[in-house]
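# Structure assessment
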Amino acid sequence: MISAEQLVENLAAVRHRVDEAARSAGRRPADVRIIGVTKTHAPELARAAVVAGLPDLAENRVQEWRAKAPLVPGARWHLVGQLQRNKVRHVVGQHVLVHTVDRRSLVDALSQRAQLLGVLQRALVQVNVGDDPAKGGCAVNETLDLVAYARHRAHLAVEGLMTMPPMPPPGRDPVVAARPHFATLRGLRDEVQSRFPEVVHLSMGMSDDLEAAVEQGATMVRIGTALFGARGQGPWSPSQEER
Ligand SMILES: *Cc1c(COP(=O)(O)O)cnc(C)c1O
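Below: a short report on this structure. (Residues numbered from 1 in each chain as written. Predicted model: local features only at pLDDT ≥ 70, side-chain atom pairs only at ≥ 80, totals over all residues. Heavy atoms only, no water.)

## Here's the deal with the site of the ligand
Neighbouring the ligand are the residues Val37, Lys39, Val80, Met162, Met164, Met206, Ser207, Arg222, Ile223, Gly224, Thr225 and Arg231. Note that an oxygen atom of the ligand is positioned 2.5 Å from one of the side-chain N or O atoms of Ser207. Within the backbone of Gly224, a nitrogen or oxygen atom sits 2.8 Å from an oxygen atom of the ligand. In the complex, 92% of the free accessible area of the ligand, which totals 390 Å², lies under the protein chains. Split by residue class, the shell around the ligand holds six nonpolar, three polar and three charged. (Near = heavy atom within 4 Å. Polar contact = N/O pair within 3.5 Å; in protein donor to acceptor, adjacent residues only side chain to side chain. Areas by Shrake-Rupley, 256 points an atom, 1.4 Å probe, with all protein chains shown as cover. Nonpolar A, V, L, I, M, F, W, Y, C, P; charged D, E, K, R; others polar.)

Given below as structure tokens:
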């Protein structure tokens, strides 16, 4: 695990990259939120992130998030991995922004649970911009329909779009490879937003390609490795600590 000092340094470096990319695109750096992806990492590191001024944290597995979240006071959580319908009850009502709504059945499950609890569930619609079988997300040409469908649900608020571009081919600059995919998501967001003005956010960009994402209008970048170092073998769990 990296030290808290190293994390502070990494955060400053990532923030600098974001700020530079924003400025050269004529954007305000403050309009890009950094989300720290803590998957596989111990709660101490997540706590260090909050202390360092990075309250927005993300996990990709519900089980790992549920174990970790109570140990990280002050965090604002984001769920960025595939969400199964049977896990929805653990998520709704917990002030988590779900980045991965990609089908009607998930819209139904989230909104039904939110209605039952009398809360508003915030979400982003995930789009598979590169049509990559290895990635989640709805198809580009289904996005407007899915947002329109979700919008009829009083207890669900779709606030933007999210994507993960395909892995760049070996040797290719990830920024160059990701740029057209981020441009696609931005164009799609503009189209959706012209009908549904509340759909504003663009969650795109990771450690290797954040410059392209910020240039193309990202409002949230999801950064793991560049902040927290290499990931562990698998999900963090409380039992690991006892070993
Ligand atoms: C792990 C993960 C990230 C962070 O990836 P890095 O390349 O380590 O920055 C971002 N988004 C999602 C959906 C992830 O699962």
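## Some points on helix α1 (residues 4-24)
Spanning 21 residues, α1 covers 30 Å between terminal C-alpha atoms, matching the ideal 30 Å at 1.5 Å per step. Every buried residue of α1 is listed here: Leu7, Asn10, Leu11, Val14, Val18, Ala21 and Ala22. Taken end-on, α1 shows its buried residues confined to a sector of 110°, consistent with a single buried face. Summarising the geometry of α1, the exposed residues directed more than 90 degrees from the buried face are Glu5, Glu9, Arg23 and Ser24. On its buried face, α1 sits against β1 (33-37), α2 (43-51), α8 (210-215), β8 (220-223) and α9 (225-228). One or two residues past the end of α1 sits Gly26, with phi positive at roughly 75°. (Helix = DSSP H or I, 4+ residues; strand = E, 2+ residues; numbered from the N terminus. Expected span 1.5 Å × (residues − 1). Buried < 20%, exposed > 50% of the residue type's maximum accessible area, 1.4 Å probe, protein only. Arc of directions from axis to C-beta. Contact = heavy atoms within 4.5 Å.)

## With respect to the pairing of strand β2 (residues 56-59)
Where burial is concerned, the two faces of β2 agree: the one with Asp56 and Ala58 and the one with Leu57 and Glu59 are both buried. Inspection of the sheet shows β1 paired to β2 by two bridges, in the parallel sense. From the neighbouring strand, Val37 faces β2, where its bridge partner is Ala58. Traced from β1 through α2 to β2, the parallel crossover comes out right-handed. In terms of strand pairing, β2 meets strand β3 (residues 76-79) through four bridges, oriented parallel. By the bridge assignment for β3, Ala58 is matched with His78. (Pairing = 2+ DSSP bridges. Right-handed = clockwise from strand over helix to strand, strands pointing away.)

## Observations concerning the packing of helix α6 (residues 143-151) against helix α7 (residues 174-195)
Two measures define how a pair of helices packs: the angle their axes make with one another and the distance between the axes. Remark: α6 packs on α7, axes separated minimally by 10 Å, with the N-to-C direction vectors making an angle of 40°. Like other packed secondary-structure pairs, α6 and α7 cross with a definite hand, here right-handed. When α6 is examined against α7, the residues Thr143, Leu144 and Val147 are found in contact with a partner set consisting of Leu188, Glu191, Val192 and Arg195. Counted by class, the contact of α6 with α7 contains four nonpolar, one polar and two charged residues. (Axes fitted to C-alpha atoms, helices over the stretch in contact; angles between N-to-C directions. Left-handed = near helix turned anticlockwise from the far one by under 90°.)

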